[in-house]
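Chain by chain, the residues run as shown.
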Amino acid sequence: MIRSRAYADDAAQARVEARLRDAQQKPRWIPLAPEQVTELIDTLEQPEADIANRRDTESALAAYIRDRFSAMPHEFADLLELADAMDVCHAAGAWGVHVTEGKLGHMVCWDSKCRDLHLCPHEARENQARLVRAYVPHVAAFVARSPFHRVHYGVFTVRNVPLGRLREGRAGLMQRFASWLSAKRRIEPEDRQRHPGIPPRCRTMHTWRPNPWCDDGIVGALVHVEDPLSADGRSWNIHCNVMLLTRGAVDYGAIRASWGSNVHLAQVQGDAEAIRLQMCELVKYSAKQPRAMCSWPPAAFCEWWRSQKGARRTRSYGCLDRKSTRLNSSHLVISYAVFCLKKK
(Lines give C-alpha, C1' and ligand atoms only; values in the text may rest on other atoms or scores of the structure.)
Protein backbone atom coordinates (compact mmCIF):
# COMPACT_ATOMS: atom_id res chain seq x y z
CA MET A 1 0.00 0.00 0.00
CA ILE A 2 1.24 3.49 -0.86
CA ARG A 3 0.29 6.16 1.65
CA SER A 4 -0.32 9.75 0.65
CA ARG A 5 2.63 12.08 1.22
CA ALA A 6 3.43 15.78 1.06
CA TYR A 7 5.48 16.78 -1.98
CA ALA A 8 7.58 19.86 -2.61
CA ASP A 9 5.59 20.86 -5.72
CA ASP A 10 2.97 19.59 -8.15
CA ALA A 11 5.62 18.48 -10.65
CA ALA A 12 7.25 16.13 -8.11
CA GLN A 13 3.87 14.66 -7.21
CA ALA A 14 3.04 14.16 -10.90
CA ARG A 15 6.32 12.33 -11.51
CA VAL A 16 5.70 9.94 -8.60
CA GLU A 17 2.09 9.28 -9.62
CA ALA A 18 3.20 8.58 -13.19
CA ARG A 19 5.73 6.02 -11.98
CA LEU A 20 3.10 4.37 -9.81
CA ARG A 21 0.69 4.14 -12.76
CA ASP A 22 3.40 2.61 -14.94
CA ALA A 23 4.30 0.11 -12.24
CA GLN A 24 0.70 -0.94 -11.69
CA GLN A 25 -0.04 -1.23 -15.41
CA LYS A 26 2.80 -3.70 -15.92
CA PRO A 27 2.32 -6.46 -13.33
CA ARG A 28 4.54 -9.52 -13.32
CA TRP A 29 3.05 -12.82 -12.26
CA ILE A 30 4.60 -15.96 -10.82
CA PRO A 31 2.70 -19.25 -11.31
CA LEU A 32 1.57 -20.74 -8.00
CA ALA A 33 0.26 -24.28 -7.53
CA PRO A 34 -3.02 -24.53 -5.54
CA GLU A 35 -1.48 -26.83 -2.91
CA GLN A 36 1.14 -24.22 -2.11
CA VAL A 37 -1.29 -21.45 -1.15
CA THR A 38 -1.50 -22.35 2.56
CA GLU A 39 2.25 -22.73 2.82
CA LEU A 40 2.74 -19.44 0.99
CA ILE A 41 0.54 -17.51 3.45
CA ASP A 42 2.54 -18.83 6.41
CA THR A 43 5.82 -18.09 4.63
CA LEU A 44 4.91 -14.52 3.75
CA GLU A 45 3.48 -13.29 7.05
CA GLN A 46 6.79 -12.31 8.63
CA PRO A 47 8.54 -11.05 5.45
CA GLU A 48 5.52 -8.88 4.67
CA ALA A 49 5.84 -7.10 8.03
CA ASP A 50 9.58 -6.61 7.49
CA ILE A 51 8.99 -5.18 4.02
CA ALA A 52 6.37 -2.77 5.39
CA ASN A 53 8.86 -1.51 8.00
CA ARG A 54 11.51 -0.95 5.34
CA ARG A 55 8.98 0.81 3.12
CA ASP A 56 8.09 3.17 5.97
CA THR A 57 11.77 3.90 6.56
CA GLU A 58 12.43 4.57 2.89
CA SER A 59 9.35 6.79 2.59
CA ALA A 60 10.40 8.81 5.64
CA LEU A 61 13.92 9.24 4.24
CA ALA A 62 12.56 10.33 0.84
CA ALA A 63 10.36 12.91 2.55
CA TYR A 64 13.37 14.10 4.58
CA ILE A 65 15.44 14.58 1.40
CA ARG A 66 12.64 16.40 -0.39
CA ASP A 67 11.97 18.65 2.60
CA ARG A 68 15.62 19.60 3.21
CA PHE A 69 17.03 19.88 -0.33
CA SER A 70 14.15 20.81 -2.66
CA ALA A 71 15.12 24.50 -2.33
CA MET A 72 18.39 23.71 -4.18
CA PRO A 73 17.20 21.68 -7.20
CA HIS A 74 20.29 22.28 -9.34
CA GLU A 75 22.89 21.41 -6.70
CA PHE A 76 21.05 18.29 -5.49
CA ALA A 77 19.28 17.18 -8.67
CA ASP A 78 20.58 13.60 -8.41
CA LEU A 79 19.52 13.33 -4.76
CA LEU A 80 16.01 14.67 -5.46
CA GLU A 81 15.66 12.29 -8.39
CA LEU A 82 16.64 9.45 -6.09
CA ALA A 83 13.97 10.56 -3.59
CA ASP A 84 11.33 10.23 -6.33
CA ALA A 85 12.62 6.74 -7.13
CA MET A 86 12.54 5.78 -3.45
CA ASP A 87 8.84 6.66 -3.28
CA VAL A 88 7.96 3.84 -5.68
CA CYS A 89 10.79 1.47 -4.72
CA HIS A 90 9.42 -1.93 -3.64
CA ALA A 91 5.89 -0.49 -3.69
CA ALA A 92 4.24 -3.02 -6.01
CA GLY A 93 5.05 -6.47 -7.32
CA ALA A 94 4.00 -10.10 -7.57
CA TRP A 95 4.49 -12.65 -4.79
CA GLY A 96 5.49 -16.24 -5.35
CA VAL A 97 7.39 -19.17 -3.90
CA HIS A 98 10.44 -21.19 -4.73
CA VAL A 99 11.45 -24.61 -3.50
CA THR A 100 15.14 -25.18 -2.72
CA GLU A 101 16.26 -28.55 -1.36
CA GLY A 102 12.70 -29.32 -0.34
CA LYS A 103 12.25 -26.05 1.59
CA LEU A 104 9.66 -23.48 0.63
CA GLY A 105 10.80 -19.87 0.37
CA HIS A 106 9.21 -16.65 -0.82
CA MET A 107 10.17 -14.59 -3.83
CA VAL A 108 8.95 -11.25 -5.14
CA CYS A 109 9.17 -9.64 -8.56
CA TRP A 110 9.20 -5.93 -7.78
CA ASP A 111 7.98 -3.53 -10.43
CA SER A 112 10.37 -0.77 -9.37
CA LYS A 113 13.66 -0.55 -7.46
CA CYS A 114 15.77 2.52 -6.76
CA ARG A 115 18.94 0.36 -6.66
CA ASP A 116 20.78 2.66 -4.27
CA LEU A 117 22.89 0.62 -1.86
CA HIS A 118 23.54 3.50 0.52
CA LEU A 119 20.08 4.90 1.29
CA CYS A 120 17.64 2.12 0.40
CA PRO A 121 17.10 -0.35 3.28
CA HIS A 122 15.85 -2.96 0.79
CA GLU A 123 19.04 -2.82 -1.25
CA ALA A 124 21.18 -2.82 1.91
CA ARG A 125 19.43 -5.98 3.09
CA GLU A 126 19.91 -7.65 -0.30
CA ASN A 127 23.58 -6.73 -0.23
CA GLN A 128 23.80 -8.29 3.24
CA ALA A 129 22.34 -11.49 1.79
CA ARG A 130 24.88 -11.42 -1.06
CA LEU A 131 27.72 -11.16 1.43
CA VAL A 132 26.36 -14.14 3.35
CA ARG A 133 26.05 -16.26 0.22
CA ALA A 134 29.52 -15.33 -0.99
CA TYR A 135 31.57 -15.73 2.19
CA VAL A 136 29.84 -18.09 4.63
CA PRO A 137 30.62 -21.27 2.61
CA HIS A 138 34.33 -20.32 2.44
CA VAL A 139 34.55 -19.47 6.14
CA ALA A 140 32.72 -22.66 7.13
CA ALA A 141 35.02 -24.73 4.91
CA PHE A 142 38.06 -23.08 6.50
CA VAL A 143 36.88 -23.99 10.00
CA ALA A 144 36.06 -27.57 8.98
CA ARG A 145 39.54 -28.22 7.57
CA SER A 146 41.27 -28.29 10.96
CA PRO A 147 40.34 -28.20 14.67
CA PHE A 148 42.93 -25.42 15.05
CA HIS A 149 41.11 -23.11 12.61
CA ARG A 150 38.95 -20.52 14.33
CA VAL A 151 36.77 -17.50 13.51
CA HIS A 152 36.68 -14.31 15.58
CA TYR A 153 34.46 -11.26 15.39
CA GLY A 154 35.89 -7.88 16.29
CA VAL A 155 35.14 -4.15 16.27
CA PHE A 156 38.19 -1.96 15.64
CA THR A 157 37.66 1.66 16.60
CA VAL A 158 39.53 4.94 16.26
CA ARG A 159 38.94 8.42 17.59
CA ASN A 160 35.86 10.19 16.26
CA VAL A 161 36.43 12.25 13.14
CA PRO A 162 35.10 15.84 13.11
CA LEU A 163 32.48 16.95 10.59
CA GLY A 164 33.98 17.80 7.22
CA ARG A 165 36.60 15.01 7.30
CA LEU A 166 34.49 11.89 6.82
CA ARG A 167 35.99 10.76 3.52
CA GLU A 168 39.61 11.06 4.61
CA GLY A 169 38.82 9.55 8.02
CA ARG A 170 37.28 6.47 6.46
CA ALA A 171 40.14 6.05 3.98
CA GLY A 172 42.63 6.46 6.82
CA LEU A 173 40.94 3.74 8.85
CA MET A 174 41.13 1.21 6.02
CA GLN A 175 44.74 2.11 5.31
CA ARG A 176 45.55 1.71 8.99
CA PHE A 177 43.91 -1.72 9.13
CA ALA A 178 45.80 -2.97 6.06
CA SER A 179 49.05 -1.64 7.51
CA TRP A 180 48.29 -3.28 10.85
CA LEU A 181 47.81 -6.67 9.18
CA SER A 182 51.18 -6.44 7.45
CA ALA A 183 53.08 -4.70 10.28
CA LYS A 184 56.09 -6.47 11.80
CA ARG A 185 58.39 -5.86 14.70
CA ARG A 186 61.91 -6.96 15.43
CA ILE A 187 62.37 -10.06 17.58
CA GLU A 188 63.90 -8.99 20.88
CA PRO A 189 66.16 -11.09 23.17
CA GLU A 190 63.29 -11.58 25.62
CA ASP A 191 61.26 -13.15 22.79
CA ARG A 192 64.01 -15.73 22.26
CA GLN A 193 64.08 -16.45 25.98
CA ARG A 194 60.33 -16.91 26.06
CA HIS A 195 60.36 -19.06 22.89
CA PRO A 196 63.61 -21.10 22.73
CA GLY A 197 62.61 -22.67 19.40
CA ILE A 198 62.99 -19.46 17.36
CA PRO A 199 65.40 -20.13 14.47
CA PRO A 200 68.53 -17.93 14.57
CA ARG A 201 67.79 -16.52 11.12
CA CYS A 202 64.31 -15.39 12.14
CA ARG A 203 64.63 -11.63 12.73
CA THR A 204 61.08 -10.22 12.62
CA MET A 205 57.52 -11.28 13.44
CA HIS A 206 54.00 -9.97 12.88
CA THR A 207 52.85 -7.87 15.79
CA TRP A 208 49.80 -10.09 16.34
CA ARG A 209 51.52 -13.48 15.89
CA PRO A 210 51.86 -15.42 19.20
CA ASN A 211 54.95 -17.42 18.17
CA PRO A 212 57.54 -15.86 15.83
CA TRP A 213 58.63 -19.09 14.12
CA CYS A 214 55.24 -20.69 13.41
CA ASP A 215 52.39 -19.96 11.01
CA ASP A 216 49.82 -19.45 13.76
CA GLY A 217 47.90 -16.19 13.75
CA ILE A 218 45.61 -14.30 11.38
CA VAL A 219 45.36 -15.84 7.90
CA GLY A 220 42.33 -13.95 6.54
CA ALA A 221 39.96 -11.10 7.30
CA LEU A 222 36.69 -9.60 6.11
CA VAL A 223 36.26 -5.92 7.00
CA HIS A 224 33.17 -3.72 6.79
CA VAL A 225 33.37 0.01 7.57
CA GLU A 226 30.55 1.86 9.33
CA ASP A 227 30.34 5.63 9.75
CA PRO A 228 27.33 6.74 11.85
CA LEU A 229 26.95 10.24 13.20
CA SER A 230 27.81 10.59 16.88
CA ALA A 231 25.07 11.17 19.46
CA ASP A 232 25.93 14.87 19.81
CA GLY A 233 25.95 15.37 16.01
CA ARG A 234 29.44 16.91 16.01
CA SER A 235 31.60 14.06 14.74
CA TRP A 236 31.64 10.75 12.87
CA ASN A 237 31.97 7.49 14.79
CA ILE A 238 34.00 5.62 12.17
CA HIS A 239 34.85 2.01 12.99
CA CYS A 240 35.21 -1.30 11.22
CA ASN A 241 33.52 -4.61 11.96
CA VAL A 242 35.95 -7.43 11.28
CA MET A 243 35.73 -11.18 10.89
CA LEU A 244 39.18 -12.71 11.51
CA LEU A 245 40.17 -16.20 10.40
CA THR A 246 43.00 -17.57 12.49
CA ARG A 247 45.17 -20.66 12.71
CA GLY A 248 46.21 -21.80 16.16
CA ALA A 249 46.22 -19.63 19.25
CA VAL A 250 45.62 -15.87 19.04
CA ASP A 251 46.57 -13.43 21.76
CA TYR A 252 43.75 -10.89 22.14
CA GLY A 253 45.96 -8.74 24.33
CA ALA A 254 48.63 -8.53 21.64
CA ILE A 255 46.02 -7.55 19.04
CA ARG A 256 44.63 -4.77 21.25
CA ALA A 257 48.11 -3.50 22.12
CA SER A 258 49.29 -3.47 18.50
CA TRP A 259 46.15 -1.72 17.23
CA GLY A 260 46.52 1.12 19.74
CA SER A 261 42.80 1.90 20.17
CA ASN A 262 39.77 0.18 21.62
CA VAL A 263 39.13 -3.29 20.17
CA HIS A 264 36.31 -5.70 21.01
CA LEU A 265 37.03 -9.36 20.16
CA ALA A 266 35.07 -12.59 20.62
CA GLN A 267 35.32 -16.07 19.18
CA VAL A 268 32.55 -17.33 16.90
CA GLN A 269 31.27 -20.90 17.03
CA GLY A 270 32.40 -22.94 14.05
CA ASP A 271 29.02 -24.11 12.70
CA ALA A 272 27.64 -22.54 9.52
CA GLU A 273 24.55 -21.04 11.21
CA ALA A 274 26.64 -19.21 13.83
CA ILE A 275 28.93 -17.90 11.09
CA ARG A 276 25.92 -16.73 9.07
CA LEU A 277 24.45 -14.86 12.04
CA GLN A 278 27.79 -13.20 12.75
CA MET A 279 28.14 -12.23 9.10
CA CYS A 280 24.74 -10.53 9.29
CA GLU A 281 25.97 -8.72 12.42
CA LEU A 282 29.00 -7.56 10.43
CA VAL A 283 26.88 -5.39 8.13
CA LYS A 284 23.76 -4.99 10.28
CA TYR A 285 24.00 -1.24 10.83
CA SER A 286 24.19 -0.44 7.10
CA ALA A 287 20.68 -1.86 6.72
CA LYS A 288 19.39 0.14 9.72
CA GLN A 289 21.21 3.44 9.20
CA PRO A 290 18.59 5.03 6.85
CA ARG A 291 16.11 5.29 9.75
CA ALA A 292 18.64 7.20 11.87
CA MET A 293 19.45 9.56 9.00
CA CYS A 294 16.04 11.20 9.19
CA SER A 295 17.19 13.05 12.32
CA TRP A 296 20.58 14.14 10.96
CA PRO A 297 21.35 17.81 10.30
CA PRO A 298 21.25 18.60 6.56
CA ALA A 299 24.95 19.54 6.49
CA ALA A 300 25.96 16.17 7.97
CA PHE A 301 23.66 14.27 5.62
CA CYS A 302 25.06 16.15 2.62
CA GLU A 303 28.64 15.33 3.64
CA TRP A 304 27.80 11.66 4.17
CA TRP A 305 26.00 11.39 0.82
CA ARG A 306 28.85 12.96 -1.14
CA SER A 307 31.47 10.86 0.63
CA GLN A 308 29.78 7.63 -0.49
CA LYS A 309 30.59 8.22 -4.15
CA GLY A 310 33.53 5.99 -4.99
CA ALA A 311 33.77 4.72 -1.41
CA ARG A 312 34.42 1.07 -0.57
CA ARG A 313 32.76 -0.32 2.52
CA THR A 314 33.77 -3.99 2.47
CA ARG A 315 37.20 -5.50 1.84
CA SER A 316 38.67 -8.96 2.16
CA TYR A 317 42.23 -9.99 2.95
CA GLY A 318 44.37 -13.10 3.02
CA CYS A 319 42.65 -16.43 2.37
CA LEU A 320 39.29 -14.67 1.84
CA ASP A 321 40.68 -12.49 -0.95
CA ARG A 322 39.85 -14.97 -3.69
CA LYS A 323 38.33 -14.66 -7.14
CA SER A 324 35.84 -17.37 -6.22
CA THR A 325 34.33 -15.12 -3.55
CA ARG A 326 33.82 -12.14 -5.86
CA LEU A 327 30.30 -10.80 -5.50
CA ASN A 328 28.12 -10.02 -8.45
CA SER A 329 27.41 -6.49 -7.25
CA SER A 330 28.61 -2.89 -7.41
CA HIS A 331 32.25 -2.12 -6.69
CA LEU A 332 31.04 0.81 -4.58
CA VAL A 333 30.25 -1.75 -1.92
CA ILE A 334 32.52 -4.75 -2.53
CA SER A 335 36.17 -4.45 -3.42
CA TYR A 336 39.19 -6.66 -3.15
CA ALA A 337 42.53 -5.32 -1.95
CA VAL A 338 45.81 -6.48 -3.49
CA PHE A 339 47.24 -7.07 -0.03
CA CYS A 340 48.01 -10.71 0.75
CA LEU A 341 49.34 -12.24 3.96
CA LYS A 342 52.66 -13.95 3.35
CA LYS A 343 54.27 -16.73 5.34
CA LYS A 344 57.80 -16.09 6.50
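Residues numbered from 1 in each chain as written. Predicted model: local features only at pLDDT ≥ 70, side-chain atom pairs only at ≥ 80, totals over all residues. Heavy atoms only, no water.

Asks: I tried to follow helix α4 (residues 121-145) on my own but got confused; where do I start?
Replies: For an α-helix the count is 3.6 residues per turn, leaving residues at separations of three or four pointing the same way. In a regular helix each residue adds 1.5 Å, so 25 residues correspond to 36 Å; α4 covers 36 Å between its end C-alpha atoms and thus fits that length. The axis of α4 is deflected most strongly, by about 35°, at Tyr 135, and proline Pro 137 appears within four residues downstream. (Helix = DSSP H or I, 4+ residues; strand = E, 2+ residues; numbered from the N terminus. Expected span 1.5 Å × (residues − 1). Bend = angle between axes of the 7 residues up to and from the residue.)

Asks: Sorry, what's going on with the nonpolar core here?
Replies: The biggest cluster of nonpolar side chains holds 47 residues, and the ones touching the most others in it are Ile 65, Leu 119, Phe 156, Phe 177 and Phe 301. For this core, the secondary-structure elements that each account for two or more residues are α2 (37-69), α3 (77-88), α5 (166-182), β7 (217-226), β9 (239-247), α7 (252-259), β10 (263-268) and α10 (298-307). Setting aside anything within four residues of it in sequence, one finds Phe 156 in contact with Phe 177, Trp 180, His 239, Cys 240, Val 242, Leu 244, Ile 255, Trp 259, Asn 262, Val 263 and Leu 265. Counting residues in each nonpolar core, the second largest holds 24 residues, with Ala 134, Val 155, Leu 245 and Val 283 among its members. (Core = buried A, V, L, I, M, F, W, Y, C linked by side-chain atoms within 4.5 Å. Buried < 20%, exposed > 50% of the residue type's maximum accessible area, 1.4 Å probe, protein only. Contact = heavy atoms within 4.5 Å.)

Asks: How should the pattern of salt bridges be read in this particular structure?
Replies: Between side chains of opposite charge, a pair can form as their charged atoms come close. Counted under the stated rule, the structure contains eleven salt bridges. Its salt-bridge partner being Arg 68, residue Asp 67 comes within 2.6 Å of it at the nearest N-O pair. The partly exposed category is assigned to Arg 68, whose relative accessible area is 35%. The salt bridge partner of Arg 170 is Asp 227, with a shortest N-O separation of 2.3 Å. Linking Arg 170 in helix α5 with Asp 227 in the loop between β7 and β8 (235-236), this pair joins segments that are 57 residues apart in sequence. Like Asp 227, Arg 170 is buried. (Salt bridge = Lys/Arg side-chain N within 4 Å of Asp/Glu carboxyl O.)

Asks: So what exactly am I meant to see when it comes to α7 here?
Replies: If you check the start of α7, you find a side-chain oxygen 3.0 Å away from the backbone N of Gly 253, and it comes from Asp 251. One or two residues past the end of α7 sits Gly 260, with phi positive at roughly 90°. (Polar contact = N/O pair within 3.5 Å; in protein donor to acceptor, adjacent residues only side chain to side chain.)

Asks: Quick question: what am I supposed to make of the environment of Arg 203 here?
Replies: As for its placement among the helices and strands, Arg 203 is situated in the loop between α6 (189-194) and β6 (204-206). Sequence separation between Arg 203 and Arg 185 is 18 residues, and the spatial gap between their C-alpha atoms is 8.7 Å. Ignoring anything within four residues of it in the chain, the contact list for Arg 203 reads Arg 185, Arg 186, Ile 187 and Arg 192.

Asks: Whenever I open this one, unusual backbone geometry confuses me. Can you help?
Replies: Phi is mostly negative for residues that are not glycine, and the peptide bonds are mostly trans. The phi torsion at Arg 115 lies on the positive side, around 60°, for a residue other than glycine. In this fold, Arg 115 is placed in the loop between β2 (103-110) and α4.

Asks: Where do I start with the pairing of β9 in this structure?
Replies: Each regular strand shows side chains that alternate between the opposite faces of the sheet. Taking burial as the measure, the nine residues of β9 include eight buried ones, the bulk of the element. With nine bridges connecting them, strand β3 (residues 149-157) and β9 associate as antiparallel partners. Bridge pairing in β9 links Tyr 153 to Met 243. Here nine bridges tie β7 to β9, and the two strands are oriented antiparallel to one another. Within β9, the position partnered with Ala 221 by the bridge is Leu 244. (Pairing = 2+ DSSP bridges.)

Asks: I keep staring at the packing of aromatic side chains and nothing clicks. Help me out?
Replies: Each aromatic ring pair is characterised by the separation of its centres together with the angle its planes make. Scanning the entire structure with this criterion turns up twelve aromatic pairs. When the centroid spacing of 5.8 Å and the interplanar angle of 35° are considered together, the rings of Phe 69 and Phe 301 count as tilted. Here Phe 301 lies in helix α10 and Phe 69 lies in helix α2, a separation of 232 residues in the sequence. Classification of Phe 69 by relative accessible area gives buried; the value is 2%. (Phe/Tyr/Trp six-rings, centres within 6.5 Å; stacked < 30°, edge-to-face > 60°.)

Asks: In this structure, what is going on with the packing of α5 against α7? I would like to understand it.
Replies: For any two helices packed against each other, one specifies the crossing angle of their axes together with the interaxial distance. At their nearest, the axes of α5 and α7 sit 11 Å apart, and the two run at 130° to each other. In terms of their interaxial angle, α5 and α7 are classed as oblique. α7 is crossed by α5, and the crossing has right-handed handedness. Across from Leu 173, Arg 176, Phe 177 and Trp 180 in α5, the residues of α7 making contact are Ile 255, Ser 258 and Trp 259. Tallied by class, residues from the contact of α5 with α7 come to five nonpolar, one polar and one charged. (Axes fitted to C-alpha atoms, helices over the stretch in contact; angles between N-to-C directions. Parallel < 35°, antiparallel > 145°, perpendicular 65-115°, else oblique. Left-handed = near helix turned anticlockwise from the far one by under 90°. Nonpolar A, V, L, I, M, F, W, Y, C, P; charged D, E, K, R; others polar.)

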